[in-house]
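# Summary of structural features
Here is what each chain is made of, one letter per residue.
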Amino acid sequence: MNDLLKLRLRQIRLEAEDIASYELVSATGQALPAFTAGAHIDLHLPEQMVRSYSLLNDPAETHRYVIAVQHDREGRGGSAWMHTRPRVGDVLQAGAPSNDFALADTTAPAVLIAGGIGITPLLAMARQRQRARRAWQLHYAARSARAAAFMDELAALDAGAQAVQLYLGDSGDARMPLAAIVAAAPAEAHLYCCGPARMIDAFVAACAGRPAAQVHTERFAASSAAATAGGFELVLQRSGRRFTVPEGKTILDTLLDHDVDVQYACSAGVCGTCRTRVVDGTPDHRDDYLSDDEKACNDAIMVCCSGARSPTLVLDL
Ligand code: FES
């Protein structure tokens, strides 16, 4: 944890109803680690909360990171803290940027599809494509005009080219024709989607006939519920410790309850931070991070949400 970045909050801006952006600069004067479009940082908040936020500014910028947070009143507390506690000038801690939703380095067109706060990584992608003078189009759905963030920046990026299409829930043309957008994309296009689970499921279904390498998604939450049935033994091979995972707890809950030092961020099976090597046993995969092939290998598990199909699970911890 000593290698966390110290970031000073330079600006907080209300971008839309319940969405604020946060501009973070180095608190030490050292250059910030570079990032690529689609990357996120893990902010380390009080009470051991770690939350992943996509970087939305231009990856060519080396002096700042900009994130946006939607206040989720039903959430686990991270967004509520971000919307009520930090003040300009405060220093926050974060891991270096990492990217599980990278923009392909190709001249083939990029079709970017965003729902709600899912606009953030796609905004960075649109900026990078625009700077590289490569073709892109962005389709952005929000529940209302008031809930749509970064409208001025999108208009400036678009500059009348009609690369940006909006679908606002309180206007006449509210529904995003997702299947038609995908169907109209050239065969060589790369397609990217970030938004609510239902949108991503529809996107994945619409892209079924396209090469998997050209279809990119980033979820906020896993599409399956976390495994909390418990009732299996957890063996930590390196330390020799063993625990029973009780009903109602995930593997991660159990590890934290026993003060095992394990990395995690989203706690929802989407960021990959908690990936742990499986030495023996069969995981009950519930995440949206590992590919189907990786899940079939059963040699890795996302401990924040997945469980065990075998009576004992031996982990490389
Ligand atoms: S903490 Fe994000 S996948 Fe487990």
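Residues numbered from 1 in each chain as written. Predicted model: local features only at pLDDT ≥ 70, side-chain atom pairs only at ≥ 80, totals over all residues. Heavy atoms only, no water.

Attention now goes to the sheet that holds strand β16 (residues 300–302). Strand order in the open sheet made by the five strands is β13-β12-β18-β14-β16, with mixed pairing throughout. Each edge of the sheet is formed by a strand with only one pairing partner; in this case those strands are β13 (242–245) and β16. For this sheet, the mean angle separating the axes of adjacent strands, direction not counted, is 40°. Bridging between strand β14 (residues 275–280) and β16 involves three bridges; their strand directions are antiparallel. From the neighbouring strand, arginine 277 faces β16, where its bridge partner is alanine 300. (Pairing = 2+ DSSP bridges. Helix = DSSP H or I, 4+ residues; strand = E, 2+ residues; numbered from the N terminus. Axes fitted to C-alpha atoms, helices over the stretch in contact; angles between N-to-C directions.)

Attention now goes to the environment of leucine 24. You can see leucine 24 is positioned in strand β2 (residues 19–26). With a relative accessible area of 0%, leucine 24 lands in the buried category. Between the C-alpha atom of leucine 24 and that of leucine 7, which follows or precedes it by 17 residues, the distance is 5.6 Å. In contact with leucine 24, other than residues within four places in its own chain, are Leu7, Arg8, Leu9, Leu32, Ile41, His63, Arg64, Tyr65, Ile67 and Leu92. (Buried < 20%, exposed > 50% of the residue type's maximum accessible area, 1.4 Å probe, protein only. Contact = heavy atoms within 4.5 Å.)

This part takes up the pattern of salt bridges. One side chain can pair with another of opposite charge once the charged atoms of both are near each other. Under the defined criterion, the tally for this structure stands at 19 salt bridges. Ionic pairing is found between aspartate 284 and arginine 286, a salt bridge with its closest N-O pair at 3.0 Å. What makes aspartate 284 buried here is its relative accessible area of 10%. On the basis of relative accessible area, arginine 286 is assigned to the partly exposed category, the value being 24%. One salt-bridge network, in which partners are shared between bridges, spans Arg10, Glu23, Glu61 and Arg64. (Salt bridge = Lys/Arg side-chain N within 4 Å of Asp/Glu carboxyl O.)

Moving on, we come to the domain arrangement of the protein chain. Partitioning the protein chain into domains gives domain 1 (5–94), domain 2 (110–219) and domain 3 (232–315). Just the C-alpha atoms count here: the centres of domain 1 and domain 2 sit 23 Å apart. Contacts between domain 1 and domain 2 engage 19 residues on the former and 18 residues on the latter. In total, about 1,500 Å² of surface goes out of reach between domain 1 and domain 2, with carbon and sulfur atoms giving 54% of it. Applying the counting rule to domain 1 against domain 2 returns four salt bridges. Among the salt bridges present, the one from arginine 131 reaches aspartate 58, with a minimum N-O distance of 2.8 Å. Our enumeration of links across domain 1 and domain 2 arrives at five residue pairs in polar contact (both at pLDDT 80 or more). Elements that contribute at least two residues to the side of domain 1 that touches domain 2 include exactly β1 (5–16), β2 and β5 (65–70). (Domains from an automatic or database assignment. Buried area = accessible area lost by both parts, 1.4 Å probe. Polar contact = N/O pair within 3.5 Å; in protein donor to acceptor, adjacent residues only side chain to side chain.)

Time to look at the sheet that holds strand β10 (residues 190–195). The five strands lie next to each other as β9-β8-β7-β10-β11, forming an open sheet whose pairing is parallel. Both edges of this open sheet fall to β9 (164–168) and β11 (215–219), since each of them pairs with a single strand only. Neighbour-to-neighbour, the strand axes of this sheet turn through a mean angle of 10°, independent of strand direction. Of the pairings in the sheet, the one linking strand β7 (residues 110–115) to strand β8 (residues 136–142) comprises six bridges and is parallel in character. Paired with glycine 115 across the two strands is alanine 141, which belongs to β8. Against the sheet, helix α3 (residues 151–158) touches β8 and β9, its axis set at about 150° to β9.

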